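Report on the structure
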2 protein chains.
Amino acid sequence: LNLTIDGMSCGHCLNTVRGALDRIPGVTVEKVTIGGATVTYDPSKTAPEQIAEAVNDEGYTAHPVPAK
Amino acid sequence: LNLTIDGMSCGHCLNTVRGALDRIPGVTVEKVTIGGATVTYDPSKTAPEQIAEAVNDEGYTAHPVPAK
């Protein structure tokens, strides 16, 4: 069986990561690029580890970057 | 919060699609490319619609191509 498959592109990754972050209560997505993301979050609702985990659950490997 | 995210590339899509197809009982993955896949399958265990659905579940849009 042959399949044609639409959506296999880096745009797919951007959408997937953005969606995963958007679904976390207290998170506002500022920016998603190939290789990284910037969000603001409500510390009373979530934490960096939980935010990274949501991205990992989609099959990527996310590392929170400590604020400078 | 800034995150660095590994795996946002077309290689991610290839791995994701291959994994989804590999998990279907009766399916043997022959080839996965950006934009398509070729599998052999045991018709007593699965069907083209089910195979396409497994890919769709990962966030892509798959269309079975009728054999020539």
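Read on for an overview of the structure. These figures come from a predicted structure and were not determined experimentally. Along each chain, residue indices are assigned from 1 in the same order as the chain's sequence is written. Written order decides the labels, with chains lettered from A and ligands numbered from 1. The predicted origin of the model limits local features to residues at a pLDDT of at least 70 and limits the giving and counting of side-chain atom pairs to 80 or more, whereas totals for whole chains, interfaces and linings rest on all residues. As a rule here, side-chain values come from all non-hydrogen atoms in the structure, and water together with hydrogens is ignored.

All right, on to the relation of the copies chain B and chain A then. By a simple turn and slide, chain B fits onto chain A: the slide is 0.0 Å along the axis, the RMSD is 0.1 Å, and the turn is 180 degrees. Viewed as a symmetry operation, the transformation between the two copies matches a two-fold axis. When C-alpha distances to the rotation axis are compared across chain B, the minimum falls at B:Cys10, with a value of 2.9 Å. The copies were overlaid with a least-squares fit restricted to C-alpha atoms from residues scoring a pLDDT of at least 70 in each copy.

Take the sheet that holds strand β1 (residues 2-6) of chain A next. Strand pairing is defined by DSSP finding a minimum of two bridges between the two strands. The helix count covers DSSP runs of H or I at least four residues long, the strand count covers runs of E at least two residues long, and both are numbered beginning at the N terminus. Pairing within the open sheet is antiparallel, and its four strands lie in the order β2(B)-β3(B)-β1(A)-β4(B). The outermost strands of the open sheet, each flanked by one partner alone, are β2 (27-33) and β4 (61-65) of chain B. When the angles between neighbouring strand axes are averaged without regard to direction, this sheet yields 25 degrees. As paired elements, β2(B) and strand β3 (residues 36-41) of chain B share six bridges and run antiparallel to each other. Note that in β3(B) the partner of B:Val27 across the bridge is B:Tyr41. The strands touched by helix α1 (residues 10-22) of chain B are β1 of chain A together with β2 and β3 of chain B; relative to β2(B), the strand with the most contacts, the crossing angle is about 165 degrees. Sitting on the sheet, helix α2 (residues 48-56) of chain B touches β1 of chain A together with β2, β3 and β4 of chain B, and the angle it makes with β4(B) is about 155 degrees. Whenever a helix is involved, its axis is fitted only over the stretch in contact; in every case the axis is a line through C-alpha atoms, and angles between N-to-C directions fall within 0 to 180 degrees. Contacts are assigned to residue pairs with any non-hydrogen atoms lying within 4.5 Å of each other.

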